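# Residue-level structure breakdown
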Amino acid sequence: MAVLKVKFTKTKRDKLAQILWILNWVSVVSGIILFSLGLFLKIEIKKRNEVMAKGDVNSVPNMLISVGVIACIINFLGGKICYDCSDANKFSRWKLVMLPYIVCTFCFTFCILVGALMCYTMRNELEESLYLGLRDAIKFYKDTDIPGRCFLKKTVDMLQIGFQCCGNNGFRDWFEIQWVSARYLNMASKEVLDRLKSNVDGKFLVDGVPFSCCNPSSPRPCIQYQLTNNSAHYNYDFLTEELNIWVKGCREALLDYYTAIMRSIGITALFIWLFELSVLIGVRYLQTAMKNVLLLGDLEGESDGWLLESSFVEAAKYNINIIKNLGKANQISTVSGMNDPNIDVQNTKCGKTNVTTKSIPAAS
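So, a few notes on the structure that sits alongside this text. Counting starts from 1 at the beginning of each chain's written sequence and moves along it residue by residue. Reporting in this predicted model follows two pLDDT cut-offs: at least 70 for local features of residues, and 80 or more for side-chain atom pairs to be given and counted; totals over whole chains, interfaces and linings ignore these cut-offs and use all residues. Hydrogens and waters are ignored; side-chain quantities use all the structure's heavy atoms.

## Considerations on the side chain of Gln287
Secondary-structure assignment places Gln287 in helix H8 (residues 250–296). Taking the relative accessible area as the measure of exposure, Gln287 reaches 5% and is therefore buried. Two residues form a contact once any of their heavy atoms are found within 4.5 Å. Dropping the residues within four chain positions of it, Gln287 is found in contact with Phe91, Met98, Leu99 and Ile102. A run of H or I in DSSP counts as a helix once it spans at least four residues, and a run of E counts as a strand once it spans at least two, with each numbered from the N terminus. Burial classes: relative accessible area under 20% of the type maximum marks a residue as buried, over 50% as exposed, and values in between as partly exposed (1.4 Å probe, protein chains only).

So this is what it looks like as C-alpha cells:
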C-alpha cells in the first residue's frame, strides 16, 4: 500500500509543477546563502589564524561552501525538470532521470543537515585550537626581532583591545611568561638582575600585563604593573577592588564570538534544510503522479502520487533483499545434493550408434 497517497488532476499537476519550478529557483538563492555563510565563516577564522593551532576548524566553512555550490547546481537542474513536467510529452525525456535525481537530492539535503549540526559540535575543536594558538602567541609576544614572530605582538595587542580580553585564560597568564624583551631590560639594574636570578629558568617575570589589557573605561589610571602589590598603589586593594584591566581571557572571548556566529549559521542551515526537504517531497509527488499518467495513457485524467509505493517496512525489506542477493546470480551452488547444471545435459545422437573407429597406423 502506497504511503501518503494523493490524487492529482491535470490542473493540480500543472500547478504543482509551476510552484516547484519557482521554489527550485528560490532554492538556488538558498544555495548562494549557504555559500556566502561558509565563505564569511572561513574569512573570520582566517583573520585570527595566527592565534589558532592547525586543526579541523575549517571543516565547517568548507562543508558549507561545498553544499552551497552543489545546491545551486542541483536546484537549477530541478527547476528545469519541474518546468518541463508541466507537459507530459516533455516529461518523457526526464522519466528515467527523475528517480536518480530525487535520490541524489535526498543525499544532498542530508549533507545540509550534517553541516548545520556541525556548527553546534565544532565548539570543542575550536576551543582546543584557540587554547594552543593563544598559548604560543603569548609565549612569543616578546620576539619582535625574530622573523616569523615579529607580527605576534601587534596581533595579540589588537586582539586584546578589540575583544576586551587579557591573556589566554585570564590576565594571570602574563605572570607566567617573560613578555618583555631582553633588549629593553636594564642589566645594570640590581632589581632586574635579582629578578632574573630568582627564577630557575632565568626569565624576567613580573606581576604585570601589556598595555592592551587596560580598560579605558576605568575611573582611575591603568594599573598594569605590580597588580598584586597593594602597597605599590594608593588606595588599592588587589582582593577587593575591581581591576582596571580586562578580566576575561581571550580564549573565552573568541570562543563566544565564534559560537554566536556558528549558532546563527546553524539555525539558517536548518531552515534551508527544511525548505529543501519540502521541495524534494513535492518533486517526489510530481514524479510519481506524472509516471502514473503515462502508465494510464490518459494525459488529461487523474493520477495518484505518493512518497513510497509500498509501506516503510515493505520498502525496507525489499531493499534489504536486493542487497543480500547482490552477486548471487553469478555464483555456483556448492551445497551437497545439488548437481552441476552442466551434468544433466543430454548428448544428441548423430548418425549411427556404433561407429567403427579408424585405427591409427603404427609408426614405422
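## Some points on the state of the cysteines
Disulfides are defined as cysteine sulfur pairs within 2.5 Å. Enumeration over the complete set of coordinates arrives at 3 disulfides. Across a sulfur-sulfur distance of 2.1 Å, Cys165 and Cys250 are joined as a disulfide pair. Handedness here is read from the sign of the S-S torsion; for Cys165 and Cys250, about 85 degrees, the answer is right-handed. Placement of the pair is Cys165 in the loop between helix H6 (152–163) and helix H7 (190–198) and Cys250 in helix H8, with a sequence separation of 85 residues. According to the relative accessible area criterion, Cys165 is buried, its value standing at 0%. What pairs with Cys214 in a disulfide is Cys222, and their sulfur atoms sit 1.9 Å apart. The S-S bond linking Cys214 to Cys222 shows a torsion near -75 degrees; that makes this disulfide left-handed. In this structure Cys107 is a free cysteine whose sulfur lies 6.5 Å from that of Cys104, the closest cysteine sulfur available. Overall, the relative accessible area of 44% leaves Cys107 in the partly exposed class.

## Overview of the packing of helix H2 (residues 59–84) against helix H4 (residues 95–121)
Every axis in this analysis is a line fitted to C-alpha atoms, fitted for helices over the stretch in contact. Angles between the N-to-C directions lie between 0 and 180 degrees. Contact geometry for H2 and H4: axes closest at 10 Å, N-to-C directions at 150 degrees. By the criterion of interaxial angle, the relationship of H2 to H4 is roughly antiparallel. Judged by the twist between their axes, the crossing of H2 over H4 is left-handed. On the side of H2, the interface is formed by Ser59, Val60, Met63, Val67, Ile70, Ala71, Ile74, Leu77, Gly78 and Ile81, while H4 contributes Met98, Tyr101, Thr105, Phe108, Cys111, Ile112, Val114, Gly115, Met118 and Cys119. Oblique is the label for any angle not covered by the other classes, which are roughly parallel (under 35 degrees), roughly antiparallel (over 145) and roughly perpendicular (65 to 115). Throughout, a crossing is termed right-handed when the near helix is turned clockwise from the far one, and left-handed when it is turned anticlockwise from it by less than a right angle.

## What about the nonpolar core?
The criterion is simple. A nonpolar core is a set of buried Ala, Val, Leu, Ile, Met, Phe, Trp, Tyr and Cys residues joined through side-chain atoms within 4.5 Å. Formed by 81 residues in total, the largest nonpolar core has its most connected members in Trp174 and Val209. Elements that contribute at least two residues to this core include exactly helix H1 (10–47), H2, H4, helix H5 (123–139), H6, H7 and H8. The element contributing the most residues to this core is H8, with 18 residues.

## Quick look at unusual backbone geometry
A negative phi angle characterises most non-glycine residues, just as the trans form characterises most peptide bonds. One non-glycine residue, Gln164, adopts positive backbone phi at about 50 degrees. On the secondary structure map, Gln164 appears in the loop between H6 and H7. One non-glycine residue with positive phi stands out, namely Asn235, at about 55 degrees. In this fold, Asn235 is placed in the loop between H7 and H8.

## Let's talk about a nonpolar patch on the surface
Patches draw on residues past 30% relative accessible area with no salt bridge. Two like charges within 9 Å are joined, as are two nonpolar side chains (Val, Leu, Ile, Met, Phe, Trp, Tyr) within 5 Å. Here, Shrake-Rupley sampling with a 1.4 Å probe gives the accessible areas, and only protein chains in the shown set may cover a residue. We count a salt bridge whenever a side-chain nitrogen from Lys or Arg sits within 4 Å of a carboxyl oxygen from Asp or Glu. Taken together, the side chains of Trp21, Ile22, Trp25, Val26, Phe76 and Tyr83 define a hydrophobic patch exposed on the protein surface, amounting to about 610 Å² of accessible area. Secondary structure elements with two or more residues in the nonpolar patch: H1 and H2. With 4 residues, the top contributor of residues to the nonpolar patch is H1. Relative to the helices and strands, Trp21 resides in helix H1.

## Section: the packing of H4 against H8
Between H4 and H8, the least distance of the axes is 9 Å, while the angle of their chain directions is 165 degrees. Relative to H8, the element H4 lies roughly antiparallel. Judged by the twist between their axes, the crossing of H4 over H8 is left-handed. Charged residues are taken to be Asp, Glu, Lys and Arg, nonpolar residues to be Ala, Val, Leu, Ile, Met, Phe, Trp, Tyr, Cys and Pro, and polar residues to be all remaining types, Gly included. Partitioning the contact of H4 with H8 into residue classes produces 23 nonpolar, 4 polar and 4 charged.

## Topic: the environment of Met98
The residue Met98 is located in helix H4 in this model. Each C-alpha atom, one on Met98 and one on Val283, is 8.7 Å from the other, the two residues being 185 residues apart in sequence. For Met98, the residues in contact, after removing those within four places along its chain, are Ile81, Cys85, Phe91, Val283 and Gln287.

## Topic: the side chain of Asp173
You can see Asp173 is positioned in the loop between H6 and H7. As a buried residue without a salt bridge, Asp173 has its nearest oppositely charged side chain in Arg251, at a separation of 7.3 Å. At 2.5 Å, the side chain of Asp173 forms a polar contact with the backbone nitrogen of Asn169. Residue contacts for Asp173: discarding those within four places in its chain leaves Gly167 and Asn168. None of His or the chain ends enter the tally, which takes Lys and Arg as positive and Asp and Glu as negative. Side-chain atoms alone can form a polar contact between residues adjacent in sequence; in general such a contact is a pair of N or O atoms within 3.5 Å, and within protein one must be able to donate a hydrogen while the other accepts it.

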